[in-house]
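These are the residues of each chain, in order.
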Amino acid sequence: MELFEVFIRSRNGLHHKHVGSLHAPDLEVALENARDVYTRRSEGISIWVVRSKDILASNPSEQEALFEPARDKIYRHPTFYNLPDDVKNI
Amino acid sequence: MIANQQVFQFVLHLADDSLILGHRLSEWCGHGPTIEQDIALTNLALDLVGQSRLYYQYAAEIEGKGRTEDDLAYLRDVIEFRNHLITELPRGDFAFTVLRQYLWCSFRTEYYQHLLTSSEIKLGELAAKCLKELQYHQRFSITWINRLGLGTKVSHKKMQTALDELWPYTFEFFQPTAAEEKLINASLIPDCRDIRKTWDQSCQSVLREASLVVPQEHWDFQGGKEGMHTEHLGYILAEMQFLQRTYPGLVW
């Protein structure tokens, strides 16, 4: 059996979110398993399943090279704008 | 004029079918081949037990003698149960379980489709509610029939053995009781004989696709709907009813 990662969208307008993983012999069964294991308390309206081996993950030992450089570039955050009061949801 | 008694018996039959099959499925809880299938089977069990509650509540209402859903589920004996024999057979292996689920569920789904338009509005409403759940049960069981039927030599053999054992019990789906005949004549419920052809065709095609062969020569079993059960039902009731029989009126 293969390992699959499960992503669930809880409602329209939101994006799919990783909720966990499971074992299954193939994609179709993985989808049904995901339905049975992760949506039994009405957690979602859409499911994605992906073979875990198809995910390329960043290497924790490369954290410095990958993520440190962004840390001192505060000008990349939109914190220097004055937002009018009427603008919501930013 | 249709006596309430006949509708009552019919609703009990629907309730008993769901309760007994639900109980059989619940026996997998903690024993599934994998954690995923364990949860899946328990979900199906919960669906069916939930459905049986709706029917028992309705039956109690029709009877109007003050009995509750619990009285009907826990305080009737074997001879008063009206479920199809196929639902009470021991749970067997996983192949047997998914195949039984499919055979019963494909029949029940087809049957409920016809019950939707019953002049007894409540029967249609309950059927509509159950259909949504049963459609998934069907999908789930077909998935596994295919995987196991076309899987390894061993899995195929287990499926075929299960089919040989289960097929003779499907005969009963299409044999109306005398009481059902009256309801059929009054157009309150569908005639199960009319469903046979459609059911047979879709069933044969699902089984064929999984390279399973319907046995040609076999016995035909029936009697469950009239209270004549296999030896297995008594054991289920003994387990299920123990608490209410030993401590009458006990509540959570």
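In case you missed it, the structure is sitting above this.
Note that residues are indexed from 1 along each chain, following the sequence as it is written. Chain labels run from A onward and ligand labels from 1 onward, assigned in the order the entries are written. In keeping with the model being predicted, local features are shown solely for residues with a pLDDT of at least 70 and side-chain atom pairs are shown and tallied solely at 80 or more, while totals for entire chains, interfaces and linings include all residues. Remark: hydrogens and water are excluded; side-chain values derive from all non-hydrogen atoms of the structure.

K.L.:
Sorry, what's going on with the packing of helix α1 (residues 4-26) of chain B against helix α8 (residues 178-185) of chain B here?
P.N.:
Each pair of packed helices gets described by two things: the angle between the helix axes and the distance between those axes. All names here are of chain B. Look at α1 against α8: their axes get within 9 Å of each other, and the N-to-C directions meet at 110°. Relative to α8, the element α1 lies roughly perpendicular. Facing Q6, V7, F10 and H13 of α1, the residues of α8 in contact are A179, E180, K182 and L183. Broken down by class, the residue content of the contact of α1 with α8 amounts to 4 nonpolar, 2 polar and 2 charged. To obtain each axis, a line is fitted to C-alpha atoms, and for helices this fit is confined to the stretch in contact; angles are then taken between N-to-C directions over 0 to 180 degrees. Helix numbers and strand numbers start at the N terminus; a helix is a DSSP run of H or I with at least 4 residues, a strand a run of E with at least 2. In these notes the angle categories are as follows: under 35 degrees is roughly parallel, over 145 is roughly antiparallel, 65 to 115 is roughly perpendicular, and the rest is oblique. By definition in these notes, contact holds between two residues if any of their heavy atoms fall within 4.5 Å. We call Asp, Glu, Lys and Arg charged. Ala, Val, Leu, Ile, Met, Phe, Trp, Tyr, Cys and Pro are nonpolar, and the rest, Gly among them, are polar.

K.L.:
I keep staring at the pattern of salt bridges and nothing clicks. Help me out?
P.N.:
For side chains of opposite charge, pairing can occur when their charged atoms come near one another. All names here are of chain B. The salt bridge criterion pairs a side-chain nitrogen of Lys or Arg with a carboxyl oxygen of Asp or Glu, the two atoms within 4 Å. Tallied over the entire structure, the rule returns 16 salt bridges over all chains. In this structure, the salt-bridge partner of R67 is E63, at a minimum N-O distance of 2.8 Å. Here E181 ties to R193 by a salt bridge, and the two come within 3.1 Å at their closest N and O atoms. Of the two residues, E181 is situated in helix α8 and R193 in helix α9 (residues 192-209); the sequence distance between them amounts to 12 residues.

K.L.:
Teacher, can you tell me more about the side chain of D47(B) here?
P.N.:
Tracing the backbone shows D47(B) in helix α2 (residues 35-63). Residue contacts for D47(B): discarding those within four places in its chain leaves E133(B) and H137(B).

K.L.:
For this particular structure, what's the right way to read unusual backbone geometry?
P.N.:
Across the chain, the bulk of peptide bonds are trans and the bulk of non-glycine residues have phi less than zero. The backbone of S42(A) shows a phi angle near 55°, a positive value even though the residue is not glycine. Residue position: S42(A) is located in the loop between α1 (27-38) and β3 (46-51). In this structure, S211(B) takes a positive phi of about 55° despite not being glycine. Tracing the sequence through the fold places S211(B) in the loop between α9 and α10 (232-246).

K.L.:
I tried to follow the sheet that holds strand β1 (residues 2-9) of chain A on my own but got confused; where do I start?
P.N.:
Residue and element names in this part refer to chain A. The pairing criterion for strands is at least two bridges between them, as found by DSSP. Judged by pairing direction, the sheet is antiparallel, and its 3 strands sit side by side in the order β2-β1-β3 without closing on themselves. Both outer strands of the open sheet, β2 (17-24) and β3, are each paired with one neighbouring strand and no more. On average, each strand axis in the sheet is inclined to that of its neighbour by 30°, with strand direction left out of account. α1 contacts β1, β2 and β3 of the sheet and is inclined by roughly 120° relative to β2.

K.L.:
What exactly am I supposed to notice about α2(B) here?
P.N.:
Every α-helical turn comprises 3.6 residues, leaving residues that sit three or four positions apart pointing alike. A helix is expected to span 1.5 Å multiplied by its residue count minus one. Taking 1.5 Å per residue as the helical rise, α2(B) with its 29 residues ought to reach 42 Å, and the 42 Å between its terminal C-alpha atoms agrees with that figure. Within two residues after α2(B), G64(B) carries a phi angle of roughly 65°, on the positive side.

K.L.:
How do you make sense of the interface of chain A and chain B when you look at a structure like this?
P.N.:
The parts lose accessible area when they come together, and the size of an interface is often stated as this lost area. In this complex, chain A contributes 14 residues to the contact, which on the side of chain B involves 13 residues. Joining two parts hides part of their accessible area as seen by a 1.4 Å probe, and the buried area is that hidden amount summed over both. Taken together, both faces of the contact between chain A and chain B bury some 1,300 Å²; the carbon and sulfur share is 48%. At the boundary of chain A with chain B, the tally comes to 3 salt bridges. In this structure, the salt-bridge partner of R139(B) is E32(A), at a minimum N-O distance of 3.1 Å. Elements supplying a minimum of two residues to the side of chain A that touches chain B: β2 and α1 of chain A. If you tally residues by element for the side of chain A that touches chain B, the top one is α1(A), at 8 residues. Looking at the side of chain A that touches chain B residue by residue, the class counts come to 6 nonpolar, 2 polar and 6 charged.

K.L.:
Just to check I follow, could you spell out α10(B) for this structure?
P.N.:
All names here are of chain B. Over its 15 residues, α10 extends 21 Å from the first C-alpha to the last, a length consistent with the 21 Å expected when each residue adds 1.5 Å. Throughout, bend refers to the angle between the axes fitted to the seven residues that end at a position and the seven residues that start at it. Along its length, α10 reaches its greatest deviation from straightness, about 50°, at M240. For each residue, the accessible area found with a 1.4 Å probe, counting protein chains only, is set against the maximum for its type, and the residue is called buried under 20%, exposed over 50%, and partly exposed in between. The set of residues buried in α10 consists of L233, I236, L237, M240, Q241 and Q244. Those residues of α10 that are buried lie in contact with α1, α3 (69-74) and α4 (85-88).

K.L.:
Where do I start with the nonpolar core in this structure?
P.N.:
Across soluble globular proteins, you tend to see nonpolar side chains buried next to one another. Counting 88 residues, the largest nonpolar core has L99(B), L103(B), Y111(B), Y112(B), L115(B), I189(B) and W199(B) as the members making the most contacts within it. Of all the elements, helix α5 (residues 94-115) of chain B adds the most residues to this core, at 13 residues. For this analysis, a nonpolar core means a set of buried residues of the types Ala, Val, Leu, Ile, Met, Phe, Trp, Tyr and Cys, connected via side-chain atoms within 4.5 Å.

K.L.:
I would appreciate a short explanation of the state of the cysteines in the present structure.
P.N.:
A disulfide bridge is the covalent bond that connects two cysteines by way of their sulfur atoms. Residues and elements named next belong to chain B. Cysteine sulfur atoms are paired as a disulfide whenever they fall within 2.5 Å. Tallied over the full model, the rule gives 0 disulfides over all chains. No disulfide involves C130; its sulfur sits 11 Å from that of C105, the nearest cysteine. Assessed through its relative accessible area of 1%, C130 is described here as buried. Its sulfur unpaired, C192 is 16 Å from the next cysteine sulfur, which belongs to C203. Residue classification places C192 among the buried positions, given a relative accessible area of 2%.

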